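What follows is the residue order along each chain.
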Amino acid sequence: MTATTKFLLAGALAACAVIGASAAAQQRGFARAGAGAWADDAPMKHVPPPAGTRIERDIAYGSDPAQRLDVYRPAKADRAPIIVMVHGGGWWRGDKARPPVIDNKVNHWLPKGYIMVSVNYRMVPNANPLVQTGDVAAALSYIQDHAAKWGGDPARVVLMGHSAGAHLVSLLAAAPAIARDAGAKPWLGTIALDSAAYDVVAIMERRHFDLYDRAFGTDRALWSAASPTLRLKVAPAPMLLVCSSKRADACPPAEAFAKQAQALGARVTTFPVDMTHGEINALLGTGGAYTDAADAFLRSIGLN
């Protein structure tokens, strides 16, 4: 090898190292952006609840400190329907009391006579998404058992979740045995707000945000068990699947899940909205066609 060749080879290797480092940096940035994009990160100031709202915070539905829920109820609730809200945050962060999670929803549905319950659950790495789904099921069972003392109707419960929370409630809908095993009874319907995952296997087999590796690891059995699309074998209760038309990977998986559920005889509807992932969470309850669609879904299953 001549000195010139060595020089050129060294230069090429150095350039490759620079390019590789740049690509790695871009990937880290991509992952960080992804983690934020999948969380409840829409900026929003706290909106006070309606006058007369009664709030009970941090009610334990399990023995772990993370297994807590908040109840928001009208002063004169009487056999009120109940919306159970499950926050997002990439399966590793998030909180039931954050303004984008609960404020506008409380202000919209409590005056209509609803009770809102917002649920926390154990986080990765202490609990994988399948265990988290079990937490939501345990919370649902607790809510049904205690609904009457809040003025609620245990037979008129709807599950709602955003992002990772939408994944968890969709998995419960697709695999109701998880709920039954936790002592929960059937619920009337499910609203998934821009789910982070319908087919986890498909996600993990292509380029994906690092947060999925944090949540689902390398266990293919977990990928399958935590995939609503793959667990769907019988018709679930009616579902409304909201998805962001701003993301190319948001609506197609929702539509594929809906088509599969419809083939089983279920009433499952997708609702694309021209909003960001965070806006879908924060703006529900502020009026307009999006909130109207949620209300129409609730009326279609016999609620106010």
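**Q** In this structure, what is going on with the state of the cysteines? I would like to understand it.
**A** As used here, a disulfide is simply a covalent bond connecting the sulfur atoms of two cysteines. Inspection of the entire model under this criterion finds one disulfide. Between the sulfur atoms of C243 and its disulfide partner C251 the distance amounts to 2.1 Å. Its S-S torsion of approximately 100° makes the covalent link between C243 and C251 right-handed. Neither C243 nor C251 differs from the other in exposure class; each is buried.

**Q** What's the story with the nonpolar core in this structure? I'm lost.
**A** One broad trend across soluble globular proteins is that nonpolar side chains are buried collectively. L69, W91, Y212, F216 and L241 are the most contacted members of the largest nonpolar core, which totals 66 residues. If one sorts the elements of this core by residue count, helix α4 (residues 164-174) sits on top with eight residues. V101, V106, V273 and M275 belong to the second-largest nonpolar core, a separate cluster that totals 26 residues.

**Q** Whenever I open this one, the sheet that holds strand β8 (residues 268-273) confuses me. Can you help?
**A** The strands making up a sheet are joined through hydrogen bonds of the backbone, oriented either antiparallel or parallel. Taken together, eight strands build an open sheet; the order of strands is β1-β2-β4-β3-β5-β6-β7-β8 and the sheet is mixed. Looking at which strands have only one partner, the edges of the open sheet turn out to be β1 (54-60) and β8. Ignoring strand direction, the axes of neighbouring strands in this sheet form an average angle of 20°.

**Q** I'm lost on the packing of aromatic side chains in this one. Help?
**A** The geometry of an aromatic ring pair is captured by the separation of the ring centres together with the interplanar angle, meaning the angle of the planes. Under the defined criterion, the tally for this structure stands at five aromatic pairs. Residues W91 and F216 carry aromatic rings whose centres are separated by 5.0 Å and whose planes lie at 75° to one another, so their mutual orientation is edge-to-face. With W91 in the loop between β3 (80-86) and α2 (99-109) and F216 in helix α7 (residues 210-216), the pair connects residues that are 125 residues apart, well separated along the chain. For the pair shown, W91 and F216 are each scored as buried. Plain terms: the ring middles of Y198 and F257 are 5.3 Å apart, the flat faces sit at 35° to each other, and that makes the pair tilted. Of the two residues, Y198 sits in the loop between β6 (189-193) and α6 (200-204) while F257 sits in helix α10 (residues 251-263), which places them 59 residues apart along the sequence. A residue is classified by how much of its surface remains accessible, and Y198, at 3% relative accessible area, is buried. Since its relative accessible area comes to 0%, F257 is described here as buried. Counting every residue linked through ring pairs, the aromatic cluster contains W91, Y212 and F216. Stacked on the ring of W92, the Lys or Arg R214 has its end atom at 4.4 Å from the ring centre.

**Q** Can you help me understand the pattern of salt bridges in this one?
**A** Opposite charge on two side chains makes pairing possible when the charged atoms of those side chains draw close. Within the structure shown, the criterion is met by twelve salt bridges. When the shortest N-O distance is used, the salt bridge between E56 and R73 registers 3.3 Å. With a gap of 17 residues between them, E56 in strand β1 and R73 in strand β2 (residues 68-73) connect regions that are remote in the sequence. The class of E56 is partly exposed, set by a relative accessible area of 27%. For the salt bridge of K96 with D70, the shortest nitrogen-to-oxygen distance reads 2.8 Å.

**Q** I keep staring at the side chain of T229 and nothing clicks. Help me out?
**A** Along the chain, the position of T229 falls in helix α9 (residues 228-231). For T229, a relative accessible area of 14% gives the class buried. The contact partners of T229, leaving out residues within four places of it in the chain, are Y198, D199, F257 and Q260.

**Q** Would you mind going over the packing of helix α3 (residues 129-146) against α4 with me for this structure?
**A** Working note: a packed helix pair is described by the angle between its axes plus the distance between those axes. In the contact formed by α3 and α4, the axes pass within 9 Å of each other and the chain directions differ by 75°. On the basis of their axis angle, the class for α3 and α4 is roughly perpendicular. Judged by residue contacts, P129, L130, Q132, T133, V136 and A137 of α3 engage H167, L168, L171 and L172 from α4. Grouping the amino acids of the contact of α3 with α4 by side-chain chemistry returns seven nonpolar, three polar and no charged.

**Q** What am I meant to see in the side chain of D295 here?
**A** The topology assignment puts D295 in helix α12 (residues 288-300). Buried charged residue D295 carries no salt bridge. Nearest counter-charge: K112, at 4.1 Å. Beyond its immediate sequence surroundings of up to four residues, D295 is in contact with H108, W109 and K112.

**Q** Hey, could you run me through α3 in this one?
**A** Residue pairs spaced three or four apart in an α-helix point in one direction, given the helix's 3.6 residues per turn. Relative to the 26 Å expected for 18 residues at 1.5 Å per residue, α3 spans 25 Å between its end C-alpha atoms, a close match to the ideal helical length. Of all the positions in α3, only P129, Q132, T133, D135, V136, A137, A139, L140, S141, Y142, I143 and Q144 are classed as buried. Sitting at the head of α3, N128 places a side-chain oxygen 2.9 Å from the backbone nitrogen of L130.

**Q** Please clarify how the environment of R156 should be interpreted in this entry.
**A** Assignment of secondary structure puts R156 in strand β5 (residues 152-162). Assessed through its relative accessible area of 21%, R156 is described here as partly exposed.

Analysis parameters
Residues numbered from 1 in each chain as written. Predicted model: local features only at pLDDT ≥ 70, side-chain atom pairs only at ≥ 80, totals over all residues. Heavy atoms only, no water. Disulfide = S-S within 2.5 Å. Buried < 20%, exposed > 50% of the residue type's maximum accessible area, 1.4 Å probe, protein only. Core = buried A, V, L, I, M, F, W, Y, C linked by side-chain atoms within 4.5 Å. Helix = DSSP H or I, 4+ residues; strand = E, 2+ residues; numbered from the N terminus. Pairing = 2+ DSSP bridges. Axes fitted to C-alpha atoms, helices over the stretch in contact; angles between N-to-C directions. Phe/Tyr/Trp six-rings, centres within 6.5 Å; stacked < 30°, edge-to-face > 60°. Lys NZ or Arg CZ within 6 Å of the ring centre and 35° of its normal. Salt bridge = Lys/Arg side-chain N within 4 Å of Asp/Glu carboxyl O. Contact = heavy atoms within 4.5 Å. Parallel < 35°, antiparallel > 145°, perpendicular 65-115°, else oblique. Nonpolar A, V, L, I, M, F, W, Y, C, P; charged D, E, K, R; others polar. Lys, Arg positive; Asp, Glu negative; His and termini not counted. Expected span 1.5 Å × (residues − 1). Polar contact = N/O pair within 3.5 Å; in protein donor to acceptor, adjacent residues only side chain to side chain.

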